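# Results of the structural survey
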There are 2 protein chains.
Amino acid sequence: MSELHTILPVRPLTRESFAPFGDVLETDRAEIRLINGGTTERFHALSTASVDPDGRVIISLFRGQPRRFPYRVDMMERHPLGSQAFYPLADRPWLVVAAEDENGAPGEPQAFLARGTQGVNYRAKVWHHPLIAVGEVSDFLVVDREGRGANLEEQSYPQPYIIEDGGWT
Amino acid sequence: MSELHTILPVRPLTRESFAPFGDVLETDRAEIRLINGGTTERFHALSTASVDPDGRVIISLFRGQPRRFPYRVDMMERHPLGSQAFYPLADRPWLVVAAEDENGAPGEPQAFLARGTQGVNYRAKVWHHPLIAVGEVSDFLVVDREGRGANLEEQSYPQPYIIEDGGWT
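This write-up is about the structure you can find in this document. Computed from a prediction, not measured in an experiment: that's the story for all the values here. (Residues numbered from 1 in each chain as written. Chains lettered and ligands numbered in written order. Predicted model: local features only at pLDDT ≥ 70, side-chain atom pairs only at ≥ 80, totals over all residues. Heavy atoms only, no water.)

### Re the pairing of strand β8 (residues 84-88) of chain A
Residue and element names in this part refer to chain A. Of all the 5 residues making up β8, 5 are buried; the element is thus mostly covered by neighbouring parts of the structure. Of the two faces of β8, the one holding Gln84, Phe86 and Pro88 and the one holding Ala85 and Tyr87 are both buried throughout. With 3 bridges joining them, β8 and strand β13 (residues 119-122) adopt antiparallel strand pairing. Residue pairing across strands places alanine 85 opposite asparagine 121, the latter belonging to β13. The pairing of β8 with strand β16 (residues 138-147) spans 4 bridges and is antiparallel. Looking across to β16, one finds that tyrosine 87 is bridged to leucine 141. (Buried < 20%, exposed > 50% of the residue type's maximum accessible area, 1.4 Å probe, protein only. Helix = DSSP H or I, 4+ residues; strand = E, 2+ residues; numbered from the N terminus. Pairing = 2+ DSSP bridges.)

### Digging into the interface of chain B and chain A
In this complex, chain B contributes 40 residues to the contact, which on the side of chain A involves 40 residues. Of the roughly 3400 Å² buried between chain B and chain A, counting both surfaces, carbon and sulfur atoms make up 58%. Two residues, aspartate 144 of chain A and arginine 42 of chain B, come together in a salt bridge whose shortest N-O distance is 2.8 Å. The tally of links from chain B across to chain A stands at 22 residue pairs in polar contact (both at pLDDT 80 or more). Elements with a minimum of two residues in the side of chain B that touches chain A: β4 (31-35), β5 (40-49), β6 (55-64), β8 (84-88) and β16 (138-147) of chain B. For the side of chain B that touches chain A, the element with the most residues is β5 of chain B, which contributes 10 residues. Tallied by class, the residues present in the side of chain B that touches chain A amount to 19 nonpolar, 12 polar and 9 charged. In this sheet, β5 of chain B lies alongside strand β6 (residues 55-64) of chain A in antiparallel orientation, the contact comprising 7 bridges. Within β5 of chain B, the position partnered with glycine 64 of chain A by the bridge is threonine 40 of chain B. (Contact = heavy atoms within 4.5 Å. Buried area = accessible area lost by both parts, 1.4 Å probe. Salt bridge = Lys/Arg side-chain N within 4 Å of Asp/Glu carboxyl O. Polar contact = N/O pair within 3.5 Å; in protein donor to acceptor, adjacent residues only side chain to side chain. Nonpolar A, V, L, I, M, F, W, Y, C, P; charged D, E, K, R; others polar.)

### A word on the sheet that holds β16 of chain B
Taken in spatial order, the 7 strands line up as β4(A)-β5(A)-β6(B)-β16(B)-β8(B)-β13(B)-β3(B) in an open sheet, and their pairing is antiparallel. In the strand order of this sheet, the two ends are held by β4 (31-35) of chain A together with β3 (22-25) of chain B, each with one partner. Strand-to-strand twist across the sheet, computed as the mean angle between neighbouring axes with direction ignored, equals 25 degrees. (Axes fitted to C-alpha atoms, helices over the stretch in contact; angles between N-to-C directions.)

### Details of the nonpolar core
If you look at the biggest cluster of nonpolar residues, it comprises 26 residues, and the most contacted ones within it are Val143 of chain A together with Val143 of chain B. Looking at this core, the elements with two or more residues in it are β5 (40-49), β6, β8 and β16 of chain A together with β5, β6, β8 and β16 of chain B. (Core = buried A, V, L, I, M, F, W, Y, C linked by side-chain atoms within 4.5 Å.)

Following this line, the structure appears as structure tokens:
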């Protein structure tokens, strides 16, 4: 890889580190309500789905091919009109990449390693990389928006960021 | 079990059999969109989350204790103000029980065996039994409603229905 690039460090996904971008969906430190006659623990309202008035909240399933490493992060996308949540359906680690906005373009990306029991909900307008499955074909439940209006923006980086192979598989 | 009761047959969960109650969340026969540069299949809009104007759509995680069989269905509940979706996080069968409304009370229940790759979204106002996990403690991602107003009704059956042990574990 001879082009100019920056190596992107990968940090563990935590509520604190991900706070600028949205919520981490995980049972740790969630509010627990005992329901259904004590047979069910409800880890309550890990996040809220938000959509504009023209939008509806829909439930979809994404089936992601595993990415190859070193992985080249050269673009980001965002959804101006609604949040987008991902939750893994196999207990397998995956990668989350998000960035703060800088005058309408994604700033330096931040990469997070999510456990197989951690999902995320990107807030509306938050720059993020498309789904990065690791190791095997991986299914995710997705809660996002459908409706009128343009809900996808994409931007390329002038110079790529590289995620090295972390041996996560 | 000497009391008067009715044995409840358990049918496979299909889109057709569940249609009076809501949507089955499954990839079979779903609309597929190839996204993210061809790396991801999006099984699009398996269902829509619906809430009243005072409500928000929230994402929670339910952790259900396994039920013992024969299982006694003696009550049902419903959520007048919003839909409620369940999707299993382990590939393990589980049971879905729903009923049509008869003058404000649940009619005869219908029981469905869901595969570990099938979720359901109960429409608002649909009578259903609380979560029935089978075999082991089981986690489910849940998409339902939070907000002002009474969103839970419960009703007992005058006589119980019994689900016999189907050896699903």
